[in-house]
Amino acid sequence: MLEAQNQTEIIQYVPFSSFVHPSFWHTLTEMKLEVDKLKETTKQIFGRFTYRCDIGSVFEVDGTSFNKTPHLEQQYHHVMGTIMNKNTIEDFKSIDKASLLNSIGEMIWSNLRERTWITNPSALLNFFILSFADLKKFHYYYWFAFPAPSQPTVHMKGRSTKISDYFNNKQLETLSQCYKSLEENQKNFFVVIKKNDDLSVKKLSEVFDVNSANCIDLDLVSTYFVFADPSNGCNPGWPLRTFLAALLEYCPDLAKSTLQVIGLRSSMNGDFIKSLVFSIEIPQDIKPVESAGWVGWERNDKGNFGPRLANMSTSMDPVILADTSSDLNIKLMKWRLVPDLNVGVMKDTKCLLLGAGTLGCHVARNLLAWGFRHITFVDNGKVSYSNPTRQVLFNYQDCLGGGRRKAEAAADNLKSILPTTNSKGIVAHIPMPGHPIGDSLKEETIGDIKRITEAISEHDVVFLLLDTREARWLPTLIAAQHRKIVINAALGFDSYLVMRHGISTSSDEVATLDKQYIEGRYLGCYFCNDVTAPGNSLRDRTLDQQCTVTRPGVAAVAGALSVEILVALLQHPKRVDAPALYNFNKTEQEIPSQIEGVLGAVPHSIRGFLHSYQTIAPTCTKFKQCIACSDTVINKYREEGLDFLLNVFNSGSYLEEVTGLSALHLSAEMSEILTLTDEED
Amino acid sequence: MSSVTYTDFIEAAKNFIEISNRCCDGWKFIEHDKDKCYLRKETFLNYKNGDYERLLKADYVIFYKESYCVPSFSFNVWNSAGMLLSLDDIRTMSLISINKKDFYSVVTQQEHPIFQRPYFIIHPCHTESVLAAFKDKSKNIIVTFLGLVCPLLNINLPLEYGM
């Protein structure tokens, strides 16, 4: 037992672990951007550590580290140190770390030799940070060093013991009281003398004489050298290392003696009962500090001597912050209200907006709000002075100089709302049936058709937001052929239509009429509706006439509904095949479960009338002789391609012949004539 | 149902600080603006996952939520490099004692009304109704509130608060 007590081992100091507060990076960035700019600087900063017994050997820095005076905190000690911030990563990597540490050490040592530490013990504490800040990416490379001389090497006699083995409660109480009355810079290192039963606390300057070159008549039995100990284990903390080196420089005669050292550790309530006493054996030959180098670079997370990286981009990069905050809106919907919401599908869905006018702008805004990030505009026009008040992506600047191209301005302005939006503008004219194409424009038209076809094939959803019925024909056909989701919106003066198209099917099967709903793929397109509802009222006919003047609210409502229908569709397990109810006014219990998606049932179409503030949700099947989505037309397009298209554009009646509609119209006329004849009789 | 007013909150907060100082629990009372005061505590967290051990720091803020007339608990956690933990990190590290399915209904991330930076906010179930039920019987509404929050975050609430 006694032998174990006398067994000596080389002292193991507990190194500091750096701990950076996020505000440290914020302040460093501010200083770099506003004060230092391109200058490479070495600054004085403050760090701190605690001698609380429940916290380990942690060395902290935060935004206040850059203040002129540190913010005092209970049971913490402040340490003055230096930060050297390099301007390039190459400089950061290439600087010789060993010689840097040695030169810092040499500076520290020459200061210590002047023995200012006797009157100002805080001078024994030091730290250094080597850093490089990549302010584009908000990546901060950093490396802490706690410089200490590698010599002298001392030994610890036996294991550390509790302070209560040496001092009774009354003495500990005295220690606490006297400690409180010490000045801040004296609290790091001081001396305790225990004579008989009396305990006294002495500042270093009361024990050592700065001017005397020689030693002290200290009775080592009754003297305890005290240091504020960051370690909370059985080994002493890092500050002891430099303390001992300074002591031995001051008094080399301490060789071959045993020093009693108190590692001061405070409990939560401020008493020192958890402090430890170390017996330190000084060797006979004390190697001078100058003979060996300095140690103290901190090991990184992997335990190697290397720098650390703080990647602060998610909390500091404004573009990333904008992106994640916008995503958060959608996630909150999911977390709080709709747990089954698939938040990823919006981000992955590519939307093509044909038309960057009133409808196009409203649809784009609503898509952004729902988390869509891939949006392409197709429009041939330029922003005119009348546009900005109704077309919500444009502003006055876009009108100047003849006006920016709408498709491009819309794409750019979306990015100014959310920088991470993947938005693009395509300038193209959509050729229309019955609008002949002259030879001079033939090549350009073929180019437009090619680009529109490519755009449709590269996106998942096509929004038809054009200002005429005829312009919708070509994209309806191409989208039907490519089996894309199509959302169609059309405006009248005070009415609107929003609908989804069915997709082409390979089978001849047609939906039966007695079901409550129609499967998504059998739903009609814009042109199916047109013909299957002959004799529309005058009001309907005013939909979609070019240059329609509309009540502004109509565009906003239709734009919003278009996006809501799309999202409801995407959230439906059957997606584009989601069935549409015939009667949308049924109460919730009566709706069959296979109809509903996460956001409820999805209608086929919505017609709204602002005049009466009413909406209806009609549903209809595909029309076998539809001029846009019937098999006849799709097959002809597949077989004849461009030639078929050009025929359609050049003739007003070609489509109706191809689909047999002209015959239908004729028979309808005939039956009218027959009816009238009957009545006359 | 009577709710907690801002004055009630401030009074309870000042009271709370006195107890905190007595048992050295580390909470501070900060007057941000005349009508934006809050309680704050920074503390180290030791995260252990099998062999893997990491030291983290947590910033707890108890503030008053005007729109709901209740105290609200917000926090952030960062590692030794100063990097903030994400909501997903908080969830997978089970720093909150709740099963993963219910996690999102209890913890969310929002722009903090006082600091204008992202913070995690905890909604303990039925805060308003529980606090209203306890309002007359509780000596300190903030202690009662913390009693709802602490089990979720594995925070120890010293007994001194109850005395």
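Treat the numbers as computed from the prediction; the structure is a model and nothing was measured. (Residues numbered from 1 in each chain as written. Chains lettered and ligands numbered in written order. Predicted model: local features only at pLDDT ≥ 70, side-chain atom pairs only at ≥ 80, totals over all residues. Heavy atoms only, no water.)

So, about the overall build of chain B. Broken down by element type, chain B carries five helices and six strands. Starting at the N terminus and walking to the C terminus, you meet the elements of chain B as α-β-β-β-β-α-α-β-β-α-α. Judged by the C-alpha coordinates and their principal axes, chain B covers about 45 × 35 × 30 Å. When each of the 163 residues of chain B is scored for burial, the buried share is 48%. For chain B, long-range pairs separated by at least 24 residues make up 47% of all intrachain contacts whose partners lie at least 6 apart in sequence. Charged side chains in chain B number 18 positive and 19 negative. The centres of these two groups are separated by 2 Å. (Helix = DSSP H or I, 4+ residues; strand = E, 2+ residues; numbered from the N terminus. Buried < 20%, exposed > 50% of the residue type's maximum accessible area, 1.4 Å probe, protein only. Contact = heavy atoms within 4.5 Å. Lys, Arg positive; Asp, Glu negative; His and termini not counted. Charge placed at Lys NZ, Arg CZ, Asp CG, Glu CD.)

Attention now moves to the environment of T127 of chain B. Residue and element names in this part refer to chain B. Turning to its location among the elements, T127 is positioned in helix α4 (residues 127-134). The spatial distance from the C-alpha of T127 to the C-alpha of S86 is 25 Å, given a sequence separation of 41 residues. Not counting residues up to four positions away in its chain, the partners in contact with T127 are V70, P71 and F145.

Time to look at the packing of helix α18 (residues 631-640) of chain A against helix α19 (residues 642-650) of chain A. Residues and elements named next belong to chain A. Where α18 meets α19, the axes come as close as 6 Å, and the angle between the chain directions of the two elements is 120 degrees. Taken together, α18 and α19 sit at an angle that is classed as oblique. From α18, V633, K636, Y637 and E640 reach across to α19, where they touch L642, D643, F644 and L645. Residue composition of the contact of α18 with α19, by class: five nonpolar, no polar and three charged. (Axes fitted to C-alpha atoms, helices over the stretch in contact; angles between N-to-C directions. Parallel < 35°, antiparallel > 145°, perpendicular 65-115°, else oblique. Nonpolar A, V, L, I, M, F, W, Y, C, P; charged D, E, K, R; others polar.)

What follows covers unusual backbone geometry. Residues and elements named next belong to chain A. A cis amide bond links Q151 to the next residue, P152, at an omega of 0 degrees. Position of P152 relative to the elements: it lies in the loop between β7 (139-149) and β8 (155-157). Positive phi outside glycine occurs at Q75, with the angle close to 65 degrees. Within the secondary structure, Q75 is located in the loop between β4 (58-61) and β5 (76-86).

All right, on to the sheet that holds strand β4 (residues 70-78) of chain B then. Taken in spatial order, the six strands of this open sheet run β1-β2-β3-β4-β6-β5 (chain B), and their pairing is antiparallel. In this open sheet, the two edge strands, each paired with only one partner strand, are β1 (28-33) and β5 (107-111) of chain B. For this sheet the average axis-to-axis angle between neighbouring strands, irrespective of direction, equals 35 degrees. Bridge count between β5 of chain B and strand β6 (residues 118-122) of chain B: five bridges; the pairing is antiparallel. Bridge pairing in β6 of chain B links Q109 of chain B to F120 of chain B. Sitting on the sheet, helix α9 (residues 318-336) of chain A touches β5 and β6 of chain B, and the angle it makes with β5 of chain B is about 140 degrees. (Pairing = 2+ DSSP bridges.)

All names here are of chain A. Taken together, the eight strands give an open sheet; going across it, the order is β19-β18-β17-β20-β21-β22-β25-β26, and neighbouring strands pair in mixed fashion. Across the chains shown, the open sheet's two edge strands, defined by having one partner strand only, are β19 (422-426) and β26 (614-616). Pairwise comparison of adjacent strand axes, ignoring direction, gives a mean angle of 15 degrees for this sheet. The pairing of strand β17 (residues 350-354) with strand β18 (residues 374-378) spans five bridges and is classified as parallel. Looking across to β18, one finds that L352 is bridged to T376. Seen against the sheet, helix α11 (residues 358-369) touches β17, β18, β20 (461-464) and β21 (485-491) and runs at an angle of roughly 165 degrees to β17. With respect to the sheet, helix α13 (residues 439-458) is in contact with β17, β19 and β20, its orientation differing from that of β17 by roughly 145 degrees.

Looking now at the interface of chain A and chain B. Reports of interface size often rely on the accessible area that becomes lost once the parts have come together. Residue-level contacts link 24 residues of chain A with 21 residues of chain B. Here chain A meets chain B over a buried area of about 1,900 Å², counting both sides, of which 62% is carbon and sulfur. One can count one salt bridge joining chain A with chain B. Two residues, E60 of chain A and K57 of chain B, come together in a salt bridge whose shortest N-O distance is 2.6 Å. One can count five residue pairs in polar contact (both at pLDDT 80 or more) joining chain A with chain B. Residues that form the side of chain A that touches chain B fall into these classes: 16 nonpolar, five polar and three charged. (Buried area = accessible area lost by both parts, 1.4 Å probe. Salt bridge = Lys/Arg side-chain N within 4 Å of Asp/Glu carboxyl O. Polar contact = N/O pair within 3.5 Å; in protein donor to acceptor, adjacent residues only side chain to side chain.)

Moving on to the pattern of salt bridges. Once the charged atoms of two side chains with opposite charge are near each other, the side chains can pair. Counted by the stated rule, this structure contains 23 salt bridges over all chains. Here K187 of chain A and E184 of chain A are joined by a salt bridge, their closest N and O atoms 3.2 Å apart. On the basis of relative accessible area, E184 of chain A is assigned to the partly exposed category, the value being 40%. Salt-bridge contacts for R373 of chain A lead to D327 of chain A; the nearest nitrogen and oxygen are separated by 3.7 Å. Of this pair, R373 of chain A sits in the loop between α11 and β18 while D327 of chain A sits in helix α9; the two residues are 46 residues apart in sequence, bridging distant segments of the chain. For the pair formed by R373 of chain A and D327 of chain A, the shared burial category is buried. Each of the salt bridges in this network shares a partner with another, and the network as a whole consists of R48, E60, D62 and E73 of chain A together with E42 and K57 of chain B.

Residue and element names in this part refer to chain A. The pairing of β8 with strand β14 (residues 276-281) spans two bridges and is antiparallel. Note that in β14 the partner of H155 across the bridge is E281. For strand β9 (residues 161-162) and β14, the ladder comprises two bridges, and the chain directions are antiparallel. Directly across from T161, in β14, lies its bridge partner V277.

Let us look at the domain arrangement of chain A. Residues and elements named next belong to chain A. Here chain A is partitioned into domain 1 (8-149), domain 2 (155-299) and domain 3 (321-627). On a C-alpha basis, the centres of domain 1 and domain 2 stand 24 Å from each other. At the junction of domain 1 with domain 2, the criterion picks out two salt bridges. A salt bridge links E249 to R115, with the shortest nitrogen-to-oxygen separation between them at 3.3 Å. There are 28 residue pairs in polar contact (both at pLDDT 80 or more) connecting domain 1 and domain 2. Listing elements by their share of the side of domain 1 that touches domain 2, those giving two or more residues are β1 (8-10), β2 (17-20), β3 (41-50), α4 (97-113), β6 (127-134) and β7. If you tally residues by element for the side of domain 1 that touches domain 2, the top one is α4, at 11 residues. Residue classes in the side of domain 1 that touches domain 2 are distributed as 31 nonpolar, 14 polar and seven charged. (Domains from an automatic or database assignment.)

Turning our eyes to something else, we now look at the packing of helix α14 (residues 473-481) of chain A against α18 of chain A. Relative orientation and spacing of two packed helices are given, respectively, by the angle between their axes and the distance between those axes. All names here are of chain A. Interhelical geometry of α14 versus α18 gives an angle of 85 degrees and a closest axis separation of 10 Å. By the angle between their axes, α14 is roughly perpendicular relative to α18. For the pair α14 and α18, contact is made by W473, L477, I478, A480 and Q481 and by V633, I634, Y637 and R638, respectively. Residues belonging to the contact of α14 with α18 are distributed by class as follows: seven nonpolar, one polar and one charged.

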